[in-house]
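Summary of the model geometry
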Amino acid sequence: MRWSRYFLPTMKDTPAEAQIASHRYMLRAGMVRQNAAGIYTWLPMGLKVLSKIADIVRDEQARAGANEVLMPTVQSAELWQESGRFDAYGPEMLRFEDRHGRTMLYGPTNEEMITDIFKRDVQSYKNLPMNLYHIQWKFRDEVRPRFGVMRGREFLMKDGYSFDVDKEAAELAYKKVFISYLRTFRRLGLTAIPMQADTGPIGGDLSHEFLIQAETGESEVFFDSAISGDRAFTEDLTSDAELEAAFDRLTSAYARTDETHESALFDAQVPEDRKVVSRGVEVGHIFYFGTKYSEPLGATVSNADGQDVPVHMGSYGIGVSRLVGGIIEANHDDDGIIWPSEIAPFGVGIINLKTDDAACNEACDALYAQATAAGLDPLLDDRDMRPGGKFADMELIGLPWVITIGPRGLKDGMAELKNRRTGEKQDVALADVLASVSAG
Ligand code: 5CA
């Protein structure tokens, strides 16, 4: 992409409404613009990052055996009346009437709808286990939308739902998702700490949230720093026994919250120098709630004995749009964002220091073509602007690598290569510079 052709409106000054780094940088780096409290437009670069996160989530969902669907944002109130949640959900749910006077709502979550979809087509345990998910916009009329996309009113969520014939099978499904979430967040460059949690309006008796460390997080977390080395974050667990063992390990010894847990075990088992007390942002939340929705909505399957039983369900959320903010909270410095390479909006930035110099333009165009061909997805800053502003903008948007080409170096066939995360700069022969980027 050529910056001169890209809608990437950066801002030099800090917007007054932004209290935390991610909100500040998402506005300054032209990723989002606010339309109403907690409601945002995603501009091209923000959308690109959001899509990359969604694609990694999809990839890991496929690996865990889940099927993607797409349910509507607008739901009719009837199913919610049947489950009893229409009244229970409270003023967070946006309700309205269509032209026929039917009560509709903008979905804050989809347990009722997916249960209804399931029951229409699945009647036998032979079709189970099943896990269906979608990535769709939600609306919750939050009392206090704040911190940009971190607590929005309209936000993008991955919500998945598992269906099993009995409690035992459903708990295994829950544990599979639990482990797949660790992998998903790790691929996004994050170590998510799982914590036992309250179930709130979703209901049920087993629930965990996944927290990433950030000073501005809403909950306090205590965890063992050794958790990040646990093999469940990276390795494929091949058997159910291995999976169960990983789940037990990760839920018993590594982490404690103030509200939901006794800290005795944690205090006794974790050496002092590995105890971390921090704040966390919830990027995922999973629930097992058995037959809470299948019973009132009549979603039954026949079991191996030929009896009709209500299906056992769990639901599994990831805050896809919140993750954009969360990842920036975990990856920034005073100059701007520092993208983990997996979700960086572009692989490499190229700064043309002198756009009125024919040799500079030619060298930049050639490098841009090569980088594109090599699959590096470059962003070429070809704007007619002073170098200082270009450097500052490039730091702000945080691409992993920046190649700078100016008339002075070019005379000797040299470019400057900078690593955004380490700040390390080196002069590299123009002919070798892309190889250095690819070598990482
Ligand atoms: N039905 C269940 C699981 S699919 C559910 O709705 N869970 S939830 O309420 O915990 O939401 C799932 C995830 O969505 C949260 O972990 C959080 O990361 C994200 N989320 C929730 N509310 C907001 C919000 N107002 N703004 C941005 N992200 C949010």
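The structure displayed is predicted, hence computed values, not measured ones.

The secondary structure content of the protein chain amounts to 14 helices and 23 strands. For 440 residues, the compact-globule estimate of 2.2 N^0.38 gives 22 Å, and the C-alpha radius of gyration of the protein chain, at 24 Å, lies within 12% of that figure. By its C-alpha atoms, the protein chain is 80 × 60 × 40 Å across when sized along the principal axes. Of the roughly 19400 Å² of accessible surface on the protein chain, 48% is carried by carbon and sulfur atoms. Distance between charge centres in the protein chain, computed from 48 positive and 68 negative side chains, equals 5 Å.

Take the domain arrangement of the protein chain next. Considered domain by domain, the protein chain is made up of domain 1 (3–337) and domain 2 (346–439). Its C-alpha centre places domain 1 at a distance of 38 Å from the equivalent point of domain 2. Of the residues lining the interface, 16 residues belong to domain 1; the matching set on domain 2 comes to 15 residues. Between domain 1 and domain 2 the total buried area reaches about 1400 Å² when both faces are included, carbon and sulfur atoms providing 56% of it. The largest share of the area that domain 1 buries against domain 2 comes from W3, K48 and I337, three residues that together contribute 45% of it. Inspection of the domain 1/domain 2 interface yields two salt bridges. For D333, the salt bridge is made with R420, and the minimal N-O distance between the two is 2.8 Å. For the interface between domain 1 and domain 2, the tally reads 10 residue pairs in polar contact (both at pLDDT 80 or more). Of all elements in the fold, only α1 (21–28), α2 (44–63) and β18 (336–337) reach the threshold of two or more residues within the side of domain 1 that touches domain 2.

Turning our eyes to something else, we now look at unusual backbone geometry. Note that the residue after L128, namely P129, is joined by a cis bond; omega there is 0°. Tracing the backbone through its elements, the reader meets P129 in the loop between α5 (111–121) and β7 (130–139). Positive phi outside glycine occurs at F147, with the angle close to 60°. Residue position: F147 is located in the loop between β7 and β8 (154–164). In the Ramachandran plot, D377 falls in the positive-phi region, its phi being about 50° despite a non-glycine side chain. Inspection of the secondary structure assignment puts D377 in the loop between α11 (358–373) and β20 (378–381).

Another aspect to go through is the sheet that holds β20. Across the sheet, which stays open at both edges, the five strands sit in the order β20-β19-β21-β22-β23 with mixed pairing between neighbours. The two strands at the open ends of the sheet, each matched to only one other strand, are β20 and β23 (425–429). Each adjacent strand pair in this sheet contributes to an overall mean axis angle of 25°, direction not counted. Pairing between strand β19 (residues 348–352) and strand β21 (residues 401–405): five bridges, direction parallel. Among the inter-strand pairings, I350 is bridged to a residue of β21, identified as I403. On top of the sheet, α11 reaches β19, β20 and β21; it is set at about 170° to β19, its chief contact. Where helix α12 (residues 387–397) meets the sheet, its contacts fall on β19, β20, β21 and β22 (414–419), and the angle it forms with β19 comes to roughly 175°.

Take M414: it is sitting in strand β22. Residue classification places M414 among the partly exposed residues on the basis of a relative accessible area of 28%.

This part is about the site of the ligand. Taken together, 22 residues surround the ligand, and among them T109, E111, R140, E142 and E282 come closest. Taking E142, its side chain carries an N or O atom lying 2.8 Å from a nitrogen atom of the ligand. In the model, an oxygen atom of the ligand is placed 3.3 Å from a nitrogen or oxygen of the H285 side chain. Computed on the free molecule, the ligand has an accessible area of 600 Å², of which 95% lies beneath the protein chains in the complex. Within the residue set of the shell around the ligand, elements represented by two or more residues are β8, β13 (275–290) and β16 (312–319).

A separate point is the packing of α2 against helix α6 (residues 167–187). For the pair α2 and α6, the least separation of the axes is 10 Å and the interaxial angle reads 150°. Taken together, α2 and α6 sit at an angle that is classed as roughly antiparallel. In terms of crossing hand, the pair formed by α2 and α6 is right-handed. From α2, I56, V57, D59, E60, Q61 and R63 reach across to α6, where they touch S180, Y181, R183, T184 and R187. In the contact of α2 with α6, the residues fall into three nonpolar, three polar and five charged.

The next point concerns helix α10 (residues 320–330). In terms of residue burial, α10 counts as a mostly covered element, since 10 of its 11 residues are buried. Of the positions making up α10, those classed as buried are V320, S321, R322, L323, V324, G325, G326, I327, I328 and E329.

Cut-offs and rules
- Within every chain, residues take consecutive numbers counted from 1 along the sequence as written.
- With the structure being a predicted model, the display of local features is reserved for residues of pLDDT at least 70 and the display and counting of side-chain atom pairs for 80 or more, all residues being used for whole-chain, interface and lining totals.
- Excluded from the side-chain calculations are hydrogens and water; all other atoms, namely the structure's heavy atoms, are used.
- We count a stretch as a helix when DSSP gives it H or I for four or more residues in a row; a strand needs E for two or more, and each element gets its number in order from the N terminus.
- Only C-alpha atoms enter the radius of gyration; for comparison, a globular chain is expected to reach 2.2 Å times N to the power 0.38, where N is the number of residues.
- Surface exposure here means Shrake-Rupley accessible area, sampled with a 1.4 Å probe, where a residue is shielded only by the protein chains that are shown.
- His residues and chain termini do not enter the charge count, which takes Lys and Arg as positive and Asp and Glu as negative.
- The atoms used to mark charge sites are NZ of Lys, CZ of Arg, CG of Asp and CD of Glu.
- Bear in mind that the domain bounds are from an automatic or database domain assignment.
- Contact criterion: two residues are considered in contact whenever any of their non-hydrogen atoms come within 4.5 Å of each other.
- By convention, the term buried area covers the 1.4 Å-probe accessible surface removed from two parts as they join, with the contributions of both added.
- Each salt bridge in this description consists of a side-chain nitrogen of Lys or Arg and a carboxyl oxygen of Asp or Glu lying within 4 Å of one another.
- Throughout this description, a polar contact denotes any pair of N or O atoms lying within 3.5 Å of each other; where both atoms belong to protein, one of them has to be capable of donating a hydrogen while the other can accept it, and for residues adjacent in sequence the pair is counted only when both atoms sit in side chains.
- What makes two strands pair is DSSP finding at least two bridges between them.
- For helices, the fitted line uses only the C-alpha atoms of the stretch in contact; every axis is such a line through C-alpha atoms, and the angle between N-to-C directions lies from 0 to 180 degrees.
- Exposure is judged per residue with a 1.4 Å probe applied to protein chains only, and the accessible area is read against the type maximum: over 50% gives exposed, under 20% gives buried, and values in between give partly exposed.
- The rule for a residue being near a molecule or strand is that one of its heavy atoms must lie within 4 Å of it.
- Under this scheme an angle from 65 to 115 degrees is roughly perpendicular, one under 35 degrees roughly parallel, and one over 145 degrees roughly antiparallel; angles in between are oblique.
- For any helix crossing, the convention is left-handed if the near helix is rotated counterclockwise from the far helix by under a right angle, and right-handed if that rotation is clockwise.
- Gly counts as polar in this scheme, as do all residues outside two lists: the nonpolar Ala, Val, Leu, Ile, Met, Phe, Trp, Tyr, Cys and Pro, and the charged Asp, Glu, Lys and Arg.

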